[in-house]
Amino acid sequence: MESKLSHLDKQDNPTMVDVSAKQLTHRTATAQSIVVLPGEVLQHLTDGELQTKKGSVFQTAIIAGIMAAKKTGDLIPLCHPLGMDNCQVYIKLNENSEVVIECTASITAKTGIEMEALVGASVAALTVYDMCKAMSHDIVIKETKLISKTGGKRDFKRS
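Residues numbered from 1 in each chain as written. Predicted model: local features only at pLDDT ≥ 70, side-chain atom pairs only at ≥ 80, totals over all residues. Heavy atoms only, no water.

Notes on the pattern of salt bridges
Any two side chains of opposite charge can pair, on the condition that their charged atoms come close. What the rule picks out here adds up to 4 salt bridges. Across the pair Asp-130 and Lys-54 runs a salt bridge, and its minimum N-O distance is 3.4 Å. Of the two residues, Asp-130 is situated in helix α4 (residues 114-132) and Lys-54 in the loop between β3 (49-52) and β4 (55-56); the sequence distance between them amounts to 76 residues. Relative accessible area serves as the criterion here: at 31%, Asp-130 is assigned to the partly exposed category. Through salt bridges with shared partners, a single ionic network connects Lys-54, Asp-130 and Lys-133. (Salt bridge = Lys/Arg side-chain N within 4 Å of Asp/Glu carboxyl O. Helix = DSSP H or I, 4+ residues; strand = E, 2+ residues; numbered from the N terminus. Buried < 20%, exposed > 50% of the residue type's maximum accessible area, 1.4 Å probe, protein only.)

Digging into the sheet that holds β4
What the 3 strands build is an open sheet, ordered β2-β3-β4; its pairing is antiparallel. What marks the edges here is a single partner per strand, and that holds for β2 (45-46) and β4. Judged from the 2 bridges that link them, β3 and β4 form a sheet pairing that is antiparallel. The partner of Gln-51 across the bridge, within β4, is Ser-56. Across the sheet, helix α2 (residues 57-70) lies against β2, β3 and β4, angled at about 95° from β3, the strand it touches most. (Pairing = 2+ DSSP bridges. Contact = heavy atoms within 4.5 Å. Axes fitted to C-alpha atoms, helices over the stretch in contact; angles between N-to-C directions.)

Re the nonpolar core
Counting 32 residues, the largest nonpolar core has Val-35, Leu-37, Ile-101 and Val-128 as its most contacted members. By residue number, the principal contributor to this core is α4, which donates 8 residues. The residues touching Val-128, leaving out its near neighbours within four places in the chain, are Val-35, Leu-37, Val-57, Phe-58, Ala-61 and Ile-101. (Core = buried A, V, L, I, M, F, W, Y, C linked by side-chain atoms within 4.5 Å.)

Some details on the confidence of the model for the chain
Chain-level pLDDT for the chain is 92 on average; 97% of the residues reach the 70-or-more range. For the chain, per-element mean pLDDT is lowest for β2, which scores 84, and highest for α2, which scores 98. (pLDDT = per-residue confidence, 0-100.)

Written out as structure tokens, the structure is:
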């Protein structure tokens, strides 16, 4: 019985997906991570930004997220190395005072860009944790999820 998992060959060995026969299409993906900061960290919030001895938390997390998205092929086994056309990371506080990180990546390629968006959002969240942990270790990275993707076989939008 042939495996339905794309990263296994007919002998169930790990393999990179062969995309050589696919057509180039424009693809985008947006992923989100949510970080819950305790009050002792949030009290340092000024004009929508956290300043620490290490510098501006959200600005540093944005740069880290973009850098990580660019390195996804080096971090995730069997993931195709991609030269992204664009990557944007946005950080805001929601109505529950949670840090919402969104990473949107785009490319014209033969394979999707979801992993780059997910890695970008994840590393931005980890950077927020790293820069704020001196104030409190009671920081929770609540979730990371794909919000939407376009291009390829099918589009996806989380409702």
